[in-house]
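The residues making up each chain are set out below.
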Amino acid sequence: MSFQQLRSSLPGSVEPEHKSALANLLYQTCHIASQLLRNNFLQEMYAQCLLCMLLKVQMSILSGYVFTTHGNNTNPTEQHQKYMSRIEDFMLNGINTVLNCVKRVVRENIKSIPLHQKLKLQDVENIIRSIQNSILENGDAFLQETTGYIMPAGSSNDVNDEFLDNICFETKDVIECPDFCHVFQVCIESGVSSLMDRLSECYVFLSDDTQTFVNPHDFSTPLAKLIPIMHKVFCEHKPAEQGSFVHTLLQLEPLNSFTANIYEAFSQKCPGS
């Protein structure tokens, strides 16, 4: 997704300079996260889903606040920047909670699979679905620490800052609501579909090396041979490309509807209420 496309997706009430800053924050943060996690495909997918949701929720809430205070003589830009910078706590600490959880479940699901075992595409999908279901079973536990990182207790510099206290409290309410968890699972489902598309490319590539035509869905290959091909294929897809998962994620209707409802709710609030 291009920067301009992302910028145009933000609520129209946001001032142009603020809109550019917010879009740039989301674009760059997702790009950095993708590069850091480039060799951990499932972890990357879960982290991107949560990161995009957190940032879009923040943007929608802040946009609603900006709308209600539009025309005031106050200059709350510094407060807005402090609020949006709270995502840094997630990037520095909270993201490790996501990665460690996914890594632990992945290990539990693949520890019994020897490297020489041959796997079909369906076998790999079954493994991924098993990992997804294991994490889903602990959905509340998986997300429960998120609010502590995205909205940590105010630092000494933010003491008696009523705006930050209120907006952070309301953000925690949104993140902890059932709808957030539901939309997160929709994003994960989209991520699994994206992973399977990439894995299909791996099997097409491997089956092309055979002397006779083999349907990629019928082709099987040892796990040890599949892993380096996965690395090659997955790394060929850049996170900023038009067809990247981040682009797909930001176009998801359930996510956009969820954040649009958040914006509408906060834009109708009276200032100070």
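Residues numbered from 1 in each chain as written. Predicted model: local features only at pLDDT ≥ 70, side-chain atom pairs only at ≥ 80, totals over all residues. Heavy atoms only, no water.

### Details of helix α6 (residues 121–137)
With 17 residues, α6 extends 24 Å between its outermost C-alpha atoms, agreeing within 8% with the 24 Å of an ideal straight helix rising 1.5 Å per residue. The complete set of buried residues in α6 reads Leu121, Val124, Ile127, Ile128, Ile131, Gln132 and Ile135. The arc enclosing the buried residues of α6, seen along the axis, measures out at 135 degrees, which places them on a common side. (Helix = DSSP H or I, 4+ residues; strand = E, 2+ residues; numbered from the N terminus. Expected span 1.5 Å × (residues − 1). Buried < 20%, exposed > 50% of the residue type's maximum accessible area, 1.4 Å probe, protein only. Arc of directions from axis to C-beta.)

### A few points about the environment of Val214
Secondary-structure assignment places Val214 in the loop between α10 (178–207) and β2 (220–222). Looking at Val214, the relative accessible area reads 23%, which means it is partly exposed. Spatially, the C-alpha atom of Val214 lies 9.0 Å from that of Val204, the residues being 10 residues apart in sequence. Residues contacting Val214, with those up to four places away along its chain left out, are Ser207 and Phe219. (Contact = heavy atoms within 4.5 Å.)

### Points about the pattern of salt bridges
Following the criterion strictly, the structure yields 4 salt bridges and no others. Its salt-bridge partner being Lys111, residue Glu108 comes within 3.2 Å of it at the nearest N-O pair. Like Lys111, Glu108 is exposed. Between Glu201 and Arg198 there is a salt bridge, with the nearest N and O atoms lying 3.5 Å from each other. Separated by 3 residues within a single helix, Glu201 and Arg198 lie in helix α10, roughly one turn from each other. We classify Arg198 as buried; its relative accessible area is 13%. Among the ionic contacts, a cluster of salt bridges with common partners joins Glu125, Arg129 and Glu189. (Salt bridge = Lys/Arg side-chain N within 4 Å of Asp/Glu carboxyl O.)

### Focus: the packing of aromatic side chains
Throughout the structure, instances matching the rule amount to 5 aromatic pairs. Summarising the aromatic geometry, the rings of Tyr203 and Phe219 are spaced 6.5 Å apart at their centres and angled 80 degrees between planes, so their arrangement reads as edge-to-face. Here Phe219 lies in the loop between α10 and β2 and Tyr203 lies in helix α10, a separation of 16 residues in the sequence. Each of the two residues, Tyr203 as well as Phe219, counts as buried. The rings of Tyr65, Phe163 and Phe266 are connected pair by pair, giving a single aromatic cluster. (Phe/Tyr/Trp six-rings, centres within 6.5 Å; stacked < 30°, edge-to-face > 60°.)

### A short note on the packing of helix α5 (residues 87–110) against α6
It is the contact of α5 with α6, at a shortest axis distance of 9 Å, that shows an interaxial angle of 130 degrees. Taken together, the axes of α5 and α6 lie oblique to each other. Two packed elements cross with a definite hand, and for α5 against α6 that hand is right-handed. Contacts from Val102, Val105, Val106, Asn109 and Ile110 of α5 reach α6 at Ile127, Ser130, Ile131, Ser134 and Ile135. In terms of residue class, the contact of α5 with α6 is made up of 7 nonpolar, 3 polar and no charged. (Axes fitted to C-alpha atoms, helices over the stretch in contact; angles between N-to-C directions. Parallel < 35°, antiparallel > 145°, perpendicular 65-115°, else oblique. Left-handed = near helix turned anticlockwise from the far one by under 90°. Nonpolar A, V, L, I, M, F, W, Y, C, P; charged D, E, K, R; others polar.)

### Some thoughts on helix α13 (residues 253–267)
For α13, with 15 residues, the first-to-last C-alpha span of 20 Å sits near the 21 Å given by 1.5 Å per residue. The set of residues buried in α13 consists of Leu255, Phe258, Thr259, Ile262, Tyr263, Phe266 and Ser267. For α13, the buried positions fall inside an angular range of 160 degrees around the axis, keeping them on one side. Residues of α13 that are buried sit in contact with α3 (41–68), α9 (162–175), α10 and α12 (245–250).

### Regarding the confidence of the model for the protein chain
Confidence in the prediction for the protein chain averages 76 pLDDT; 71% of positions are at 70 or higher. Mean pLDDT across the elements of the protein chain bottoms out in helix α1 (residues 3–8) (48) and peaks in strand β1 (residues 118–120) (93). Note that pLDDT drops below 50 for residues 1–7; the model gives that stretch 24 contacts with residues more than four away or on any other chain. With pLDDT under 50 throughout, residues 31–39 is counted as low confidence; its partners more than four residues away or in other chains account for 21 contacts. (pLDDT = per-residue confidence, 0-100.)

### Structural notes on the state of the cysteines
Counting across every chain of the model gives 0 disulfides. Here Cys181 is not disulfide-linked; the sulfur of Cys177 is the nearest cysteine sulfur, at 9.2 Å. Here Cys187 stays unpaired: no disulfide links it, and the sulfur of Cys49, its closest cysteine neighbor, is 5.2 Å away. Overall, the relative accessible area of 1% leaves Cys187 in the buried class. (Disulfide = S-S within 2.5 Å.)

### Focus: the nonpolar core
With 72 residues, the main nonpolar core has Met45, Ile61 and Ile167 as its most contacted residues. Sorting elements by how many residues they give to this core places α3 first, with 18 residues. Those residues in contact with Met45, other than ones at most four positions away along the chain, are Ile188, Gly191, Val192, Leu195 and Phe245. (Core = buried A, V, L, I, M, F, W, Y, C linked by side-chain atoms within 4.5 Å.)

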